[in-house]
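Coordinates in review
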Amino acid sequence: MRAPVVVRAEDFARRVIQPSDFVADTEAFVDVRLPQSAGKASYSFIGPGVSQNDAQTVNLTELHGFQIGAASMGHGVVNNQHLHFTAEVLICTRGHWKVNIGEHAEQHLEIGPNTIFSAPNWVFRGFENIGSDDGWLFTVLGGDDTGGIIWAPDVLRDAAQTGLYLRTDYSLLDTANGEPPEDVVLPLNAELLAGVDTYSDTELAARTVRMEDLQWSDKALLSSVLGDHTTALAPVIGYGLTEDRRHRTPISTPHGFSVEWLRVAPGSSTGVHSLDHSQVVLVGEGQWEIAVNRGDDVVSANPTEGSVVSIPPSAWRNLKNVGAVDAFALLVCGSDQRAAIQWDSEIVAAAEALGWGHDAAGYLAPLALLGRPLQ
């Protein structure tokens, strides 16, 4: 484990990105003038994502090994077909969406609130708000450099009719001239399109995780054996923080990050712990207090629902439910490996007093089975 770091109050404050800090970008992509895409808004909370707008606002530019953004669209608005080179995970927190797969949207699946879909790399995808109100999708993108995106040929051709092109550096070019300018990205031809991947409906369904699909464990953290730390974890992508050796994840393919649900009972907390990796908390339902550091250095925040909170590697942290009902959040951790937790010494000692500790693989286990004498 790395030596712990102390997070300054001003640094933590800018890492707590609340909805009031969100800045919509309505000029992020080459398709924004297409009639079906009018009103599409994009957000870049951590990293620039795949935006093609040089003037976009990025809330936090520090490298995390992954990037966090969002899309907000009204009923019937479409994000057109494109592909990514690195992971793209769609997290629906509001509304109902149709995700379209394939160059011409040959395949479809629907996602609703609290559903997560991991779009395969090198597959054309887009999405449409089919709900009655404005919808919201958080996005998690793999890598500090995504490599940009490739648009389906028809999208580039239609965008050109509106005067928008992509330069070969993938920045936007706005021209009133109907003639294609030089040095722009041209639509892929049939030979190049043959290199794009396809997936079956069954394979796509396996990359869709709804609340009812989750495998919750209330013994996923060492602190959970203590009375004031009633928590549960449910992996979605990778294994994240779990210390339950029987936990299984619905999606195990490498993404460069993990995604898991955290549930905390009223008045409970995860307990003070540290990780070697960047971690982002997507604040869901309930009332949260998120604190970093220990002792006299503790600083905390009460982010509202929908906030994005970045916690740097090796910082002590504690996530507490200060409300009257169960609180939920999504944890994104910058590693394909299970993230080893360093627990505060007081939690370790209290767990040992109750006969609990870790086996050699870092999983929660009764000390009596490990050959360790009880103190």
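Shown above is the structure to which this text applies.
Just so we're clear, the structure is a prediction, and the values are computed from it rather than from any experiment.

Looking now at the overall build of the chain. Helix and strand counts for the chain come out as five helices and 27 strands. Over its C-alpha atoms the chain spans a radius of gyration of 22 Å, differing by no more than 12% from the 21 Å that the globule rule assigns to 375 residues. Overall size of the chain, expressed as C-alpha extent along the three principal axes, is 80 × 45 × 40 Å. The burial tally for the chain puts 55% of its 375 residues in the buried class.

Counting through the fold element by element, Thr-175 comes out in the loop between strand S14 (172-174) and helix H3 (190-193). Excluding residues within four positions of it along the chain, Thr-175 makes contact with Gly-163 and Tyr-165.

Okay, unusual backbone geometry next. Phi at Tyr-170 is positive, roughly 70 degrees, even though this residue is not glycine. On the secondary structure map, Tyr-170 appears in the loop between strand S13 (164-166) and S14. Judged by its relative accessible area of 33%, Tyr-170 is partly exposed.

What follows deals with the packing of aromatic side chains. Counted by the stated rule, this structure contains 13 aromatic pairs. Aromatic side chains Phe-29 and Trp-151 sit 6.0 Å apart centroid to centroid with 70 degrees between the ring planes, which places their arrangement in the edge-to-face category. Note that Phe-29 is positioned in the loop between strand S1 (16-17) and strand S2 (41-46) and Trp-151 in strand S12 (residues 149-151), a separation of 122 residues in sequence. Grouping residues by exposure puts Phe-29 and Trp-151 together as buried. Both rings, one in Trp-136 and one in Phe-138, keep their centres 5.8 Å apart while their planes meet at 75 degrees; by these two values the pair is edge-to-face.

Capping the start of helix H5 (residues 345-353), Asp-344 holds a side-chain oxygen 2.9 Å from the backbone nitrogen of Glu-346, two or three residues further along. Immediately beyond the C-terminal end of H5, within one or two residues, lies Gly-355, with a positive phi of roughly 90 degrees.

If you trace the backbone, Ser-278 turns up in the loop between strand S18 (273-274) and strand S19 (279-283). Residue Ser-278 is classed as buried on the basis of its relative accessible area, which comes to 9%. Beyond its immediate chain neighbours, meaning those up to four positions away, Ser-278 contacts Leu-63, His-64, Phe-66, Ile-311, Pro-313, Val-332, Cys-333 and Gly-334.

For the rest of this paragraph, the subject is the pairing of strand S8 (residues 107-111). Looking along a regular strand, one sees the side chains alternate between the two faces of the sheet. Judged by which residues are buried, S8 turns out to be one-sided: Gln-107, Leu-109 and Ile-111 face inward and are buried, whereas His-108 and Glu-110, on the alternate face, are not. Relative to S8, strand S7 (residues 97-101) runs antiparallel, the two being bridged by five bridges. Within S8, the residue paired with Lys-98 across the bridge is Glu-110. Hairpin connection between S7 and S8: a loop of five residues separates the two successive antiparallel strands, and Gly-102 in this loop has a positive phi of roughly 105 degrees.

Take the sheet that holds S12 next. Pairing between sheet strands relies on hydrogen bonds along the backbone, with the strands arranged either parallel or antiparallel. On the basis of which strands lie adjacent, the open sheet formed by five strands has the order S8-S7-S10-S5-S12 and antiparallel pairing. Strand pairing shows two members of the sheet lacking a second neighbour, S8 and S12, which therefore form its edges. Neighbour-to-neighbour, the strand axes of this sheet turn through a mean angle of 30 degrees, independent of strand direction.

Here the focus is the sheet that holds strand S3 (residues 58-60). Ordered by their spatial adjacency, seven strands build an open sheet running S3-S2-S4-S11-S6-S9-S15, and the pairing between neighbours is mixed. Where the open sheet ends on each side, the last strands, each with one partner, are S3 and strand S15 (208-209). Where S2 meets S3, two bridges bridge the pair, whose relative direction is parallel. Bridge assignment links Ser-44 to a residue of S3, and that residue is Val-58.

To continue, consider the nonpolar core. With 34 residues, the main nonpolar core has Phe-12 and Val-281 as its most contacted residues. When contributions to this core are tallied by element, the ones reaching two or more residues are strand S17 (258-264), S19, strand S20 (288-292), strand S21 (299-301), strand S22 (308-311), strand S24 (327-333) and H5. Here this core takes four residues from S24, the largest share from any one element. Look past the residues within four positions of Val-281 in its chain and what remains in contact with it is Ile-290, Ser-307, Val-308, Val-309, Ile-311, Leu-319, Ala-329, Leu-330 and Leu-331. The next biggest cluster of nonpolar side chains, apart from the first, holds 32 residues, and it includes Ile-17, Tyr-43, Phe-66 and Ile-237.

Quick notes on the rules
Starting afresh in each chain, residues are numbered from 1 along the sequence in its written order. Whole-chain, interface and lining totals are the exception, using all residues; otherwise, since this is a predicted model, local features are given only for residues with pLDDT of at least 70 and side-chain atom pairs are given and counted only at 80 or more. Only hydrogens and water are set aside; all other atoms, that is, all heavy atoms of the structure, feed into the side-chain values. What counts as a helix is a DSSP run of H or I of at least four residues, what counts as a strand is a run of E of at least two, and both are numbered from the N terminus. Taken over C-alpha atoms, the radius of gyration is set against a globule rule of 2.2 Å times the number of residues to the power 0.38. Exposed residues in this analysis have more than 50% of their type's maximum accessible area, buried residues have under 20%, and partly exposed residues fall in between, with area computed by a 1.4 Å probe over protein chains only. Here a residue-residue contact requires only that any non-hydrogen atoms of the pair lie within 4.5 Å. In this analysis, rings of Phe, Tyr and Trp, with Trp reduced to its six-membered ring, are considered paired at centre separations within 6.5 Å, and the interplanar angle assigns stacked below 30 degrees, edge-to-face beyond 60, and tilted for intermediate values. Any pair of N or O atoms that falls within 3.5 Å is considered a polar contact. Within protein, one atom must be able to donate a hydrogen and the other to accept it, and sequence-neighbouring residues count only if both atoms are side-chain atoms. Following DSSP output, two strands are said to pair if at least two bridges run between them. Fitting a line to C-alpha atoms yields each axis, with helices limited to the stretch in contact; the angle taken between N-to-C directions then spans 0 to 180 degrees. Think of a nonpolar core as a cluster: buried Ala, Val, Leu, Ile, Met, Phe, Trp, Tyr and Cys residues, connected wherever their side-chain atoms sit within 4.5 Å.

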